[in-house]
Structures are given as structure tokens and as C-alpha cells.
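Chain by chain, the residues run as shown.
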Amino acid sequence: MKGILTLGFLSTSLFLFAQSTGEIQGIIRDASTGELISYATIQIEGTALGTISDDEGIYIISKVQPGTYQLIASYVGYESTSQRVAVIAEEVTKQDIGL
């Protein structure tokens, strides 16, 4: 019986922890022309989280703990940019970026 209670507690804890993150999504564009930028690097400063935009300039960073972060975007031939972003648990934060 003790084992079943422990397993139930662990399962509930893992479920609640998994539900407490948010997501950041957006599109990377050339700030002057509006052209989509494929394969740009997007990182959350001070964390190991980041991604690369796809061939349509779209990026998604999942499993982000709630809080306020600096989002850094870079691409060869462009000046890097940094934007402040607030992540809320169980929500998708939209943050488009112009380089």
C-alpha cells in the first residue's frame, strides 16, 4: 500500500511540474525589408534554452519556466538583438523579432 501511495504522489508531482511551463513562439524577419530569416539563432539569456528558426522564419522554445527573460536573436550578417519577454505558465508567449 505504501508503494502505491508513493507512486501516486510521484506521478502527481511530475504531472504538476510538467504543467508549470510556458512556450515562446514567433517569427524572425529582416527589420528593414520584412523578409523572413531562416535558420536564425534564438536563445534565452542565462539558460541552456534556445532554438533555430525554421525555413519560414518561425521559432518555438518549449518548456520555459515562468518568468521574465532576455531573448537574444542573431544571424550571420545582422546585428544581434535582445528583447525582454515574460513567460506565463501554460501559455504561449508570442514574440516576433526584427534583425
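Residues numbered from 1 in each chain as written. Predicted model: local features only at pLDDT ≥ 70, side-chain atom pairs only at ≥ 80, totals over all residues. Heavy atoms only, no water.

A.B. asks: Where do I start with the nonpolar core in this structure?
C.D. replies: Generally speaking, soluble globular proteins have nonpolar side chains that are buried together. By size, the foremost hydrophobic cluster in this structure holds 16 residues, and its most contacted members are Ile 24, Ile 28, Tyr 59 and Leu 71. Breaking this core down by element, the ones donating at least two residues are β1 (22–29), β2 (41–44), β4 (58–64), β5 (67–74) and β6 (81–87). Each residue touching Leu 71, except ones within four places of it in the same chain, is listed here: Ile 24, Ile 42, Gln 43, Ile 44, Tyr 59, Ile 61, Thr 81, Ser 82, Gln 83, Val 85, Gln 95 and Ile 97. (Core = buried A, V, L, I, M, F, W, Y, C linked by side-chain atoms within 4.5 Å. Buried < 20%, exposed > 50% of the residue type's maximum accessible area, 1.4 Å probe, protein only. Helix = DSSP H or I, 4+ residues; strand = E, 2+ residues; numbered from the N terminus. Contact = heavy atoms within 4.5 Å.)

A.B. asks: Looking at this structure, how should I read unusual backbone geometry?
C.D. replies: With the exception of glycine, the majority of residues adopt a negative phi angle, and the majority of peptide bonds are in the trans configuration. In this structure, Tyr 39 is a non-glycine residue whose phi angle is positive, near 65°. You will see that Lys 63, though not glycine, has its phi angle at about 60°, which is positive. With respect to the helices and strands, the residue Lys 63 is situated in strand β4. Overall, Lys 63 belongs to the exposed group, its relative accessible area being 65%.

A.B. asks: Got a minute to help me understand the sheet that holds β5 in this structure?
C.D. replies: In sheet architecture, strand pairing relies on hydrogen bonds along the backbone and comes in two forms, parallel and antiparallel. Spatially, β3-β2-β5-β6 is the arrangement adopted by the four strands of the open sheet, whose pairing is antiparallel. At either end of the open sheet lies a strand with only one pairing partner, and these are β3 (50–52) and β6. Neighbour-to-neighbour, the strand axes of the sheet open up by a mean angle of 20°, direction not taken into account. Strand direction decides the pairing type here: β2 and β5, joined by four bridges, are antiparallel. By the bridge assignment, Gln 43 is partnered in β5 with Ile 72. (Pairing = 2+ DSSP bridges. Axes fitted to C-alpha atoms, helices over the stretch in contact; angles between N-to-C directions.)

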